[in-house]
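# Coordinate analysis (summary)
Listed below, chain by chain, are the residues.
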Amino acid sequence: MADKVHVEILKTISVLMTTAFAFVAGSAWNEAIQTLIKEFVGTSGSAVSSMIIYAVVVTVIAVVVTLVIGRLVGRAGIDLDE
């Protein structure tokens, strides 16, 4: 019973940490990525194309980080689907 509680606590903590990390990382990278894209696209380019490039970059980063965290949790033997 106590082991089951510990596993549930670890699951919850891992989900909360993943969510918190995504939020903090997104906030930290937001301005940097936008500035980088503006440099490549230029200020004379379309705002729509800049935002699409930004959305793609952020999505790729989020997917990679989520996969890495999922693999780490899996290596620890924790099944988040239970």
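See the structure shown above.
A brief look at the structure comes next.

## Brief notes about the overall build of the protein chain
- The number of helices and strands found in the protein chain is two helices and zero strands.
- Taken against the 2.2 N^0.38 rule, which gives 12 Å for 82 residues, the C-alpha radius of gyration of the protein chain at 18 Å runs more than 25% over that of a compact globule.
- With the C-alpha coordinates aligned to their principal axes, the bounding extent of the protein chain is approximately 65 × 15 × 15 Å.
- Of the roughly 6,500 Å² that the protein chain leaves accessible, carbon and sulfur atoms contribute 72%.
- Separation of charge centres in the protein chain, based on 5 positive and 7 negative side chains, amounts to 3 Å.

## Here we look at the pattern of salt bridges
- A full pass over the atoms with the stated rule returns one salt bridge.
- Linking Lys11 and Glu8 is a salt bridge whose minimum nitrogen-to-oxygen distance equals 3.6 Å. Of this pair, Lys11 and Glu8 both sit in helix H1 (residues 2–41), three residues apart, which is roughly one turn of the helix.
- Take Glu8: its relative accessible area is 40%, and that puts it in the partly exposed class.

## Examining helix H2 (residues 47–75)
- Taking 1.5 Å of rise per residue, 29 residues should cover 42 Å, and H2 covers 42 Å from first to last C-alpha, within 8% of that figure.
- Turning to H2, its buried residues are Ser50, Tyr54 and Val73.
- Those residues of H2 that are buried are in contact with H1.
- Where H2 ends, the next residue or the one after it, Gly77, has phi of about 85°, a positive value.

Conventions we followed
- Residues numbered from 1 in each chain as written.
- Predicted model: local features only at pLDDT ≥ 70, side-chain atom pairs only at ≥ 80, totals over all residues.
- Heavy atoms only, no water.
- Helix = DSSP H or I, 4+ residues; strand = E, 2+ residues; numbered from the N terminus.
- Rg over C-alpha atoms; globule rule 2.2 N^0.38 Å.
- Areas by Shrake-Rupley, 256 points an atom, 1.4 Å probe, with all protein chains shown as cover.
- Lys, Arg positive; Asp, Glu negative; His and termini not counted.
- Charge placed at Lys NZ, Arg CZ, Asp CG, Glu CD.
- Salt bridge = Lys/Arg side-chain N within 4 Å of Asp/Glu carboxyl O.
- Buried < 20%, exposed > 50% of the residue type's maximum accessible area, 1.4 Å probe, protein only.
- Expected span 1.5 Å × (residues − 1).
- Contact = heavy atoms within 4.5 Å.

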